[in-house]
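Given next are the chains, with one letter for each unit.
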Amino acid sequence: MTSTNLNHTSASVAIVGAGLSGLCLAQYLRRNGIDAQVYERDAAPFARRQGYRITVDADGLGALRASLPADLYDLAVAVAGRSGGYFRFMNQRLREAFKLSFEETEDGERQMDRQVLRSVLLSGLEDRVHYGRKATAIETENDANRLRFEDGTSVTARVVIAADGIGSALRDQILPGGGPEDTGMAGIYGRTPLVQDDERVLPAELDRSGVLALGDAPGRAVFFTTMAFGQHPKTAFAGRDMPALDIDDYVMWGVVMPQADIPAGTAWNDAPALQRLARDAAAKYHPVVRRLIANADPEATMLSRFAVGRRPGPWAVPNAAVMGDAVHAMPPFGAHGGNTALRDAALLGAKLVAAFAAGGSTGAVGDALAAYREEMIPYAFKAVDTAEGMMRRLTGSKGVQKWVMLRLLPSLHRPVVPAA
Ligand SMILES: Cc1cc2nc3c(=O)[nH]c(=O)nc-3n(C[C@H](O)[C@H](O)[C@H](O)COP(=O)(O)OP(=O)(O)OC[C@H]3O[C@@H](n4cnc5c(N)ncnc54)[C@H](O)[C@@H]3O)c2cc1C
């Protein structure tokens, strides 16, 4: 084992995973003069095409504001889509059961593309993010932790934070038995350019709408929403040392189904197979939905198996903690996963900054990590419970409830979209 082929051998805080929470924490610590290094398993920043949009709410925006330099926060918000519009619950023929309205406000939630947000979060951290470093284990050595990587290299750090997502490699060590529970449900996600051959793929009636269209078959639903950039990322990033992301407005869609309906062994990124599955699953939907799936960006389709995190006990490794999906995985109902992960990052950042300001003794750092856990559990697991409850209600097969949502309520409203 060696640490010689890393360009440094130690850090105050080693963060595992350059996803939303890991980068946000690194920004927070950098802003407060603390040495933080990020270790990412992927070979490059955008090695996987997770090109979906996320709704960033007041919690997420507050965390970004607390962590990013002001100019980068302003940039993220300038590129983001505006708040305001509708969330429509419909049946598979796109007849509406009911809708929720959201007013546009200056500081209201924003629609952000994940790649754009990660580009902003990476800005200024270029020399602190180390790619191709798949963490495998932590070993405690006196007052420090040694973080080991799959390639045989290692680093030492005062503190190790696992921000390595739902499949966390470090969770079993820091939280023995704390892995998430499978829900038996899954989503196939894709994106489709909003304008194709000069025509918009969605009818104007669905502009500024998120739609959850419940299927007739048990556990089936389709979700879609538009990512319309406030400012094109290419224009907004011009003149900055940032990747030239050439992404135009798109519609993000997700096809929800029981995992039992997905052939065993289907890889999360087998886009052609997933697109075929999604197309078949939506065969009886309104043509608008079928067109969205048929015209999707061929490489951007991916599979996510929904799981729910378990409330964590005390951290079992001294001076180590877990944040984001690695500790509180949740199904993507209600758009809380990323927001909660960002909130963790700002909270944990504040605790660590205070502990280092107070001398950074092992006791002070341990207390900070314990305080973060105690404050995180209530808000994070409220979000987990809400997301799981929403998923069960909306994809469940309770006869009367389903009949009301799919037949009765839609029959009482004028069609939003012309019938097929
Ligand atoms: C289609 C879709 C739509 C969503 N929409 C929303 C939304 O609207 N609002 C919302 O709040 N949330 C949303 N989410 C959820 C949100 O994306 C996640 O909750 C969020 O990304 C979690 O952040 P994280 O930092 O915990 O993990 P991630 O962002 O998943 O990052 C984990 C990182 O760790 C790396 N990694 C993994 N293992 C290792 C290892 N062993 N060593 C080193 N690195 C490793 C990974 O490569 C990755 O870069 C959505 C999710 C999906 C799939």
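Just so it is clear, the structure is predicted and the values come from calculations on it, not from any experiment.

Parameters at a glance
- Residues numbered from 1 in each chain as written.
- Predicted model: local features only at pLDDT ≥ 70, side-chain atom pairs only at ≥ 80, totals over all residues.
- Heavy atoms only, no water.
- Salt bridge = Lys/Arg side-chain N within 4 Å of Asp/Glu carboxyl O.
- Buried < 20%, exposed > 50% of the residue type's maximum accessible area, 1.4 Å probe, protein only.
- Near = heavy atom within 4 Å.
- Polar contact = N/O pair within 3.5 Å; in protein donor to acceptor, adjacent residues only side chain to side chain.
- Areas by Shrake-Rupley, 256 points an atom, 1.4 Å probe, with all protein chains shown as cover.
- Helix = DSSP H or I, 4+ residues; strand = E, 2+ residues; numbered from the N terminus.
- Nonpolar A, V, L, I, M, F, W, Y, C, P; charged D, E, K, R; others polar.
- Core = buried A, V, L, I, M, F, W, Y, C linked by side-chain atoms within 4.5 Å.
- UniProt positions renumbered as here; feature names shortened; annotations may be inferred.
- Pairing = 2+ DSSP bridges.
- Axes fitted to C-alpha atoms, helices over the stretch in contact; angles between N-to-C directions.
- Contact = heavy atoms within 4.5 Å.

Draft legend 1. Molecular detail of the pattern of salt bridges. Across all of its chains, the model carries 17 salt bridges by this definition. For Arg128, the salt bridge is made with Asp127, and the minimal N-O distance between the two is 3.9 Å. Judged by its relative accessible area of 22%, Arg128 falls in the partly exposed class. Residue classification places Asp127 among the exposed residues on the basis of a relative accessible area of 56%.

Draft legend 2. How the structure looks around the site of the ligand. Near the ligand you find 32 residues, and of these Ser21, Glu40, Thr55, Arg114 and Asp325 are the closest. In this structure, Tyr52 approaches the ligand through a side-chain N or O atom, which is 3.1 Å from an oxygen atom. Protein chains shield 91% of the accessible area of the ligand, which is 1000 Å² for the free molecule. Secondary-structure elements contributing two or more residues to the shell around the ligand are α1 (20–31), β3 (53–56) and α10 (337–357). Considering every element that reaches the shell around the ligand, the biggest residue donor is α10, with 4 residues. Here the shell around the ligand is composed, by residue class, of 13 nonpolar, 10 polar and 9 charged.

Draft legend 3. Just the environment of Pro331, in detail. Among the structural elements, Pro331 can be located in the loop between α9 (325–328) and α10. For Pro331, a relative accessible area of 2% puts it in the buried group. The spacing of Pro331 and Leu75 is 256 residues in sequence and 29 Å in space, taken between C-alpha atoms.

Draft legend 4. Spatial organisation of the nonpolar core. Core analysis: the biggest nonpolar cluster contains 103 residues, and Leu64, Leu147 and Met376 have the highest contact counts within it. When residues of this core are assigned to their parent elements, the largest contribution, 14 residues, is made by helix α11 (residues 362–395). Core analysis: the next-biggest nonpolar cluster, separate from the first, contains 30 residues, Leu94, Trp253, Val289 and Leu292 among them.

Draft legend 5. Quick peek at the side chain of Arg148. Assignment of secondary structure puts Arg148 in strand β9 (residues 144–149). Judged by relative accessible area, which is 15%, Arg148 ranks as buried. At 2.8 Å, the side chain of Arg148 and the side chain of Glu139 are in polar contact.

Draft legend 6. Layout of the UniProt feature "domain: FAD-binding" (unreviewed entry) in the protein chain. Taken from the UniProt record, the annotation "domain: FAD-binding" (unreviewed entry) applies to residues 321–386. Regarding residues 321–386, the helix share stands at 76% and the strand share at 3%, and the terminal C-alpha atoms are separated by 24 Å.

Draft legend 7. Molecular detail of the sheet that holds strand β15 (residues 221–227). Spatially, β5-β4-β14-β15-β16-β11-β17 is the arrangement adopted by the 7 strands of the open sheet, whose pairing is mixed. With partners counted over all chains shown, the strands left at the sheet margins are β5 (96–102) and β17 (302–308), one partner each. In this sheet, adjacent strand axes meet at a mean angle of 20° when their direction is disregarded. In the sheet, strand β14 (residues 209–214) pairs with β15 via 5 bridges, with the strands oriented antiparallel. Within β15, the residue paired with Ala213 across the bridge is Val222. Along the sheet, helix α8 (residues 287–294) contacts β11 (181–193), β15 and β16 (250–258); its crossing angle with β16, the most-contacted strand, is approximately 100°. Along the sheet face, α11 touches β4 (85–91), β11, β14, β16 and β17 and points at about 80° away from the line of β11.

Draft legend 8. Broad picture of the environment of Arg93. Inspection of the secondary structure assignment puts Arg93 in the loop between β4 and β5. Taking relative accessible area as the criterion, Arg93 reaches 36% and is therefore assigned partly exposed. Spatially, the C-alpha atoms of Arg93 and Asp216 are 9.8 Å apart, while their sequence positions differ by 123 residues.

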